[in-house]
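Next come the chains, spelled out residue by residue.
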Amino acid sequence: GAVPVLLKLAENAPQAPQAAAVDALAALADTASLPAMVKLLVAAKTDGQRTALENAIIAVCRRLDDKDQAAAAVLPDLSGAERDVQCALLRILSRIPSAKALAALRASAGQADPAVKDAAVRGLVDWPEPSAMADLVTLARSAEKPAHRVLALRGAIRLAALPGSRPDAETVKCLAEIMPLATRPE
């Protein structure tokens with residue numbers, strides 16, 4: 001019952017109560033509150049406010065069972081938002097293992113804006129499931145920025161090594177495929 005009051009405080013209160021309200025939202029908010037929290041992030045005036053709201057939204061999304069629904073609450077504000085907001089939303093999406101979030105990261109990795117593209121690539125690199133493997137291998141082969149190629153290769157190696165339903169022989173085959181993409185010994 002406190003969530004509506006906390007949302008109002010997070011929107012209009014002075015700095016200290018606002019920060020406390022955002023912290024409380026991280027612990028108490030649910031799926032129904034996510035769109036309002038995302039609107040607060042979009043409207044945030046400072047990097048500190050945006051970061052606090054980003055962390056609060058991630059905390060709420062982690063608690064939710066329906067990850068697609070969590071991603072759906074974040075996605076409407078992604079397109080058309082200013083650069084810093086897009087980057088924050090992409091960082092949030094990278095922490096929500098769902099098909100919708102992965103599709104948004106894939107699409108944003110092709111953006112012209114370097115900051116948005118970087119946030120999307122880093123989101124793919126940090127993806128928690130093997131479903132981003134093909135994207136990372138493609139990036140490791142063809143990304144324009146050398147740093148993105150290195151990050152993608154590291155991410156692909158991390159995903160290949162994740163325990164899962166893949167047989168060991170398939171993991172070895174996957175690692176053998178991506179190792180030639182390494183351009184440096186480290």
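Assignment of secondary structure puts Leu136 in helix H9 (residues 133–142). Judged by relative accessible area, which is 0%, Leu136 ranks as buried. Linking Leu136 and Leu93, residues 43 residues apart in sequence, is a C-alpha distance of 17 Å. What Leu136 contacts, discounting residues up to four positions off in sequence, is Leu124, Val125, Ala152, Gly155, Ala156 and Leu159.

A few words on the packing of helix H7 (residues 99–108) against helix H8 (residues 114–125). Any two packed helices are characterised by the angle at which their axes cross and by the distance between the axes. Where H7 meets H8, the closest approach of the two axes is 8 Å, and the angle between their N-to-C directions is 135 degrees. By the angle class used here, H7 and H8 are oblique. The interaxial crossing formed by H7 with H8 has left-handed handedness. Packed against H7, whose contacting residues are Leu102, Leu105, Arg106 and Ser108, the element H8 presents Val116, Lys117, Ala120, Gly123 and Leu124 at the interface.

What follows deals with the pattern of salt bridges. Two side chains that carry opposite charge are able to pair once their charged atoms sit near each other. All told, the structure shown has 9 salt bridges when counted by the stated rule. Ionic pairing is found between Arg91 and Glu54, a salt bridge with its closest N-O pair at 2.9 Å. In this pair, Arg91 sits in helix H6 (residues 83–93) while Glu54 sits in helix H4 (residues 47–63), placing the two residues 37 residues apart along the sequence. Note that Lys117 and Glu144 form a salt bridge whose closest N and O atoms lie 3.8 Å from each other. With a gap of 27 residues between them, Lys117 in helix H8 and Glu144 in the loop between H9 and helix H10 (146–160) connect regions that are remote in the sequence. Using a relative accessible area of 69% as the deciding quantity, one classes Glu144 as exposed. Connected through shared salt-bridge partners, Asp47, Arg50 and Asp84 make up one network.

Basis of the calculations
Residue numbers here run from 1 along each chain, matching the order of that chain's written sequence. With pLDDT at 70 or above as the cut-off, local features in this predicted model cover only qualifying residues; side-chain atom pairs require 80 or more to be listed or tallied, and sums for whole chains, interfaces and linings still use all residues. For side-chain calculations, the full set of non-hydrogen atoms in the structure is used, while hydrogens and water are omitted. Helix and strand assignments follow DSSP, with helices taken as H or I runs no shorter than four residues and strands as E runs no shorter than two, numbered in order from the N terminus. Residue burial is assigned from relative accessible area. The probe radius is 1.4 Å, only protein chains are included, and a residue is buried under 20% of its type maximum, exposed over 50%, and partly exposed in between. Residue contacts are counted whenever heavy atoms from the two residues lie within 4.5 Å of one another. Axes, fitted as lines to C-alpha atoms, cover a helix only where it is in contact. Angles between the N-to-C directions of the axes lie from 0 to 180 degrees. Here the word oblique covers every angle except those under 35 degrees (roughly parallel), over 145 (roughly antiparallel) and from 65 to 115 (roughly perpendicular). In this scheme, a crossing is called left-handed if the near helix is turned counterclockwise away from the far one by less than a right angle; it is called right-handed if the turn is clockwise. A pairing counts as a salt bridge when a side-chain nitrogen of Lys or Arg comes within 4 Å of a carboxyl oxygen of Asp or Glu.

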